[in-house]
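# Summary of the model geometry
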Amino acid sequence: MIRALLSRAAAVFAAVVCFAGSAMADEAIGQTQKQSTNTTAIIMFVAFVLLTLGITYWAAKRTRSTADFYNAGGHITGLQNGLAIAGDYMSAASFLGISALVYESGYDGLIYSIGFLVGWPIIVALMAERLRNLGKFTFADVVSYRLAETPLRVLSAVSTLVVVAFYLIAQMVGAGQLIKLLFGLDYNVAEVVVGVLMILYVTFGGMLATTWVQIIKACLLLGGATLIALLVLAHYGFNPMALFADAVAQSPKHEAIMIPGSFVKSPIGTISLGLALMFGTAGLPHILMRFFTVADAKAARSSVFFATSFIGYFYVLTFIIGFGAITLVATNPDFLVAGTKALKGGSNMAAIWLADAVGGNLLLGFISAVAFATILAVVSGLTLAGASAVSHDIYASVLRKDHDGDSSELHVSKAATVVLGIVAIVLGIAFEKQNIAFMVGLAFAIAASSNFPVLLLSVLWKKLTTRGAVVGGWLGLITAVVLTILSPSIWVAVLGNKEAIFPLANPAIYSMPVAFFFCWLFSITDSSAQGQKDMAGFEAQYVRSATGIGASTGSSH
Amino acid sequence: MHNNLSNELVRRVQADPNYIELETKRNSFGWSLSILMLVIYYGYVLMLAFAKPFLGTIVSGVVTLAFPIGMFVLLSAIVITGIYVNRANSEFDALTRKVVEANR
């Protein structure tokens, strides 16, 4: 009933736009649904792009200074920032990936979601406010507050760029494949479209445009996912028990989807993944940057609460969506590769096909457009974080630290954005056929093993010195990268060796302790003059981090 | 490079009774909640690793005990964040304001 209504609405909607003629004609001659789907999806996506370009134009007029570019002048409110943080978190990878995980293995998908969420209470209770009080634009501002600036800025910038690069490649490759499938666009064209739009948002609109693109997308994604989940539940008379019972009956795995399964075969592996997910969040540069876009510590804290609530709600929705796909997608031959049980386009398409199953073309088009928008918004945030590392940490604070004036820094950050955008397009094309499953996990592991230990210790542990931070931070980063290369996800899946040298998929359980241990060891044995200076600076830094005295506040208009 | 606080100001703030109260309360509250979250989460992970049959106990229909427990962990992350933010935005911020006003 609802489906029929939505299809009718889709047809009416299509009729008022110019593409309608061809779309209806296609349907009339019995083409596959994909043809008309593309039209709806493309119209909605074009609408999103026009809206966000309009916002970029508006933001560009308000982005004049370096501060505007990096942190939107500190004018973002707690609720807006909470939505933007949630938007950064709800990437296409987590929307499509987690619902696919639930679709494939049921309960195990929830374990993943929980890992992504439990880091937030710790971030808000121990870190958010101190970061806001100490930093200005990037988290390197915080770690280099009392420690020697050059080595820590270089370390932070390198680990930022490494994290951003892996995250970007994962998003770009996902974007290309999704767009190819949903819109029928050529893969390379899709990469260029994403890259160019992201460069436009970031160079012209800076953090203000990047934040608003993220906020709009977060609302669209939350709204779309809510609608799919409600339509699934409506199918079962709003009785989740009936949904679960049907899923058990329909799934080839039956009762096994209701209990933790293969995902947790190795306890050490589970704990290691949990560590990376939990503490990686506290070290992701594009997330940390958002704490500097709000006016004060209070807004920083509120934004974490909003973000956590939205993210938690979103994961409950993906859980319902995954189960809905088990009952409504896997049982419909329209969505399967002929003669098999495999989904068209792979398991990652579970949520997308479910939108079609419960809402017809209109919802399918909407969700496809939202998935595309999601990728755009997330890559924009990542690119801004990467560009800031180049222009603020390397260029302005290391190469030109004796110079004042911020006009050249702004030019460098815009140039860095363009270069990063081009690099992202090239890497996206180069990695098209590669197995990229390890990349987001690796980004989290590096963030948890380099950025997080150095950040936490520099703020809370008086005895951390420059030497300790540099040795521990680099060793954490290198350990995470090397163990990932030796792990099954690269050593076996990418390099084609028979057996992995390092057995775990995620290295955090080793690389995090390595970072903390060497930060500690090389700090307590440090008797250099720099080390004395580092420790002497702690009290003043601590008082500022605790009270905000001397901290920069959002300038008022 | 940074407009560092003067030593004199730092000592004055550190001696301020409001600052001492703020630090004691906030630190113990922040660490307690962080440890609570760690205990809940790693308790859950250990159950996944070592108590799978228990988690597989049927609660109702086809739904196992793993569902309410998982939802509890998920909700606890939101609730703990909310509890901290609520107290920090009222009580701790009021104390911070007093410290800042007294040490301009």
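Predicted model only: the values in this text are computed from it and were never measured.

## What about the confidence of the model for chain A?
- Of all residues in chain A, 90% attain a pLDDT of 70 or more, and the chain-wide mean is 86.
- Model confidence for chain A, summarised as mean pLDDT per element, is weakest for helix 2 (residues 20-28) of chain A at 35 and strongest for helix 21 (residues 508-524) of chain A at 96.

## Here's the deal with the pattern of salt bridges
- Per the counting criterion, the structure on display carries 14 salt bridges over all chains.
- Measuring nitrogen to oxygen at the nearest pair gives 2.8 Å for the salt bridge that ties A:Glu129 to B:Arg26. Placement of A:Glu129 in helix 8 (residues 120-134) and of B:Arg26 in helix 2 (residues 17-50) is noted, with the two residues assigned to different chains. Each member of the pair, A:Glu129 together with B:Arg26, is buried.
- For the salt bridge of A:Asp393 with A:Arg153, the shortest nitrogen-to-oxygen distance reads 2.7 Å. Note that A:Asp393 is positioned in helix 16 (residues 350-399) and A:Arg153 in helix 10 (residues 149-183), a separation of 240 residues in sequence.
- Among the ionic contacts, a cluster of salt bridges with common partners joins A:Glu129, A:Arg301, B:Glu23, B:Arg26 and B:Asp93.

## Thoughts on the environment of A:Ala500
All names here are of chain A.
- By the element assignment, Ala500 lies in the loop between helix 20 (488-492) and helix 21.
- What makes Ala500 partly exposed here is its relative accessible area of 24%.
- Along the backbone, Ala500 and Leu288 are 212 residues apart, and their C-alpha atoms lie at a distance of 34 Å.
- Excluding anything up to four places from it in sequence, Ala500 contacts Leu486, Ser487, Pro488, Trp491 and Val492.

## Notes on the packing of helix 8 of chain A against helix 2 of chain B
- The geometry of helix 8 of chain A relative to helix 2 of chain B is characterised by a closest axis approach of 7 Å and an angle of 145° between their N-to-C directions. Side by side, helix 8 of chain A and helix 2 of chain B meet where A:Pro121, A:Ile122, A:Ala125, A:Leu126, A:Glu129 and A:Arg130 of the first sit next to B:Arg26, B:Asn27, B:Gly30, B:Trp31, B:Ser34, B:Met37 and B:Leu38 of the second.

## Quick word on the interface of chain A and chain B
- The interface of chain A with chain B comprises 56 residues on the first partner and 54 residues on the second.
- A combined buried area of about 4800 Å² lies between chain A and chain B, and 73% of that area is made up of carbon and sulfur atoms.
- In terms of surface lost to chain B, no three residues of chain A exceed A:Ile114, A:Arg301 and A:Ile549, which account for 12% of the buried area on that side.
- Linking chain A to chain B there are 2 salt bridges.
- Our count for the contact surface shared by chain A and chain B stands at 13 residue pairs in polar contact (both at pLDDT 80 or more).
- A per-element tally of the side of chain A that touches chain B places helix 15 (residues 297-328) of chain A first, with 12 residues.
- For the side of chain A that touches chain B, the class distribution of residues is 38 nonpolar, 11 polar and 7 charged.

## Describing helix 21 of chain A
All names here are of chain A.
- With 17 residues, helix 21 should cover 24 Å at 1.5 Å per step; its first-to-last C-alpha distance of 24 Å lies within 8% of that length.
- Residues of helix 21 that are buried include every one of Ala508, Ile509, Ser511, Met512, Ala515, Cys519 and Ser523, and no others.
- Residues of helix 21 that are buried sit in contact with helix 13 (267-280), helix 18 (438-460) and helix 19 (466-486).

## Some details on helix 22 (residues 529-536) of chain A
Residues and elements named next belong to chain A.
- Turning to helix 22, its buried residues are Gly531, Asp534 and Met535. When helix 22 is viewed along its axis, its buried side chains cluster within an angular range of 95° and face the same direction. For helix 22, the exposed residues lying more than 90 degrees away from the buried face are Ala529, Lys533 and Ala536.
- The secondary structure elements touched by the buried residues of helix 22 are helix 19 and helix 23 (538-547).

## A closer look at the confidence of the model for chain B
- Taken as a whole, chain B shows an average pLDDT of 91; of its residues, 96% reach a score of 70 or greater.
- Considering each helix and strand of chain B separately, the mean pLDDT is smallest for helix 3 (residues 52-55) of chain B, with a value of 88, and largest for helix 4 (residues 66-102) of chain B, with 95.

## A word on the packing of helix 2 of chain B against helix 4 of chain B
All names here are of chain B.
- Where helix 2 meets helix 4, the axes come as close as 10 Å, and the angle between the chain directions of the two elements is 175°. On the basis of their axis angle, the class for helix 2 and helix 4 is roughly antiparallel.
- Taken together, the residues of the contact of helix 2 with helix 4 sort by class into 20 nonpolar, 5 polar and 6 charged.

Criteria and thresholds
Residues numbered from 1 in each chain as written. Chains lettered and ligands numbered in written order. Predicted model: local features only at pLDDT ≥ 70, side-chain atom pairs only at ≥ 80, totals over all residues. Heavy atoms only, no water. pLDDT = per-residue confidence, 0-100. Helix = DSSP H or I, 4+ residues; strand = E, 2+ residues; numbered from the N terminus. Salt bridge = Lys/Arg side-chain N within 4 Å of Asp/Glu carboxyl O. Buried < 20%, exposed > 50% of the residue type's maximum accessible area, 1.4 Å probe, protein only. Contact = heavy atoms within 4.5 Å. Axes fitted to C-alpha atoms, helices over the stretch in contact; angles between N-to-C directions. Buried area = accessible area lost by both parts, 1.4 Å probe. Polar contact = N/O pair within 3.5 Å; in protein donor to acceptor, adjacent residues only side chain to side chain. Nonpolar A, V, L, I, M, F, W, Y, C, P; charged D, E, K, R; others polar. Expected span 1.5 Å × (residues − 1). Arc of directions from axis to C-beta. Parallel < 35°, antiparallel > 145°, perpendicular 65-115°, else oblique.

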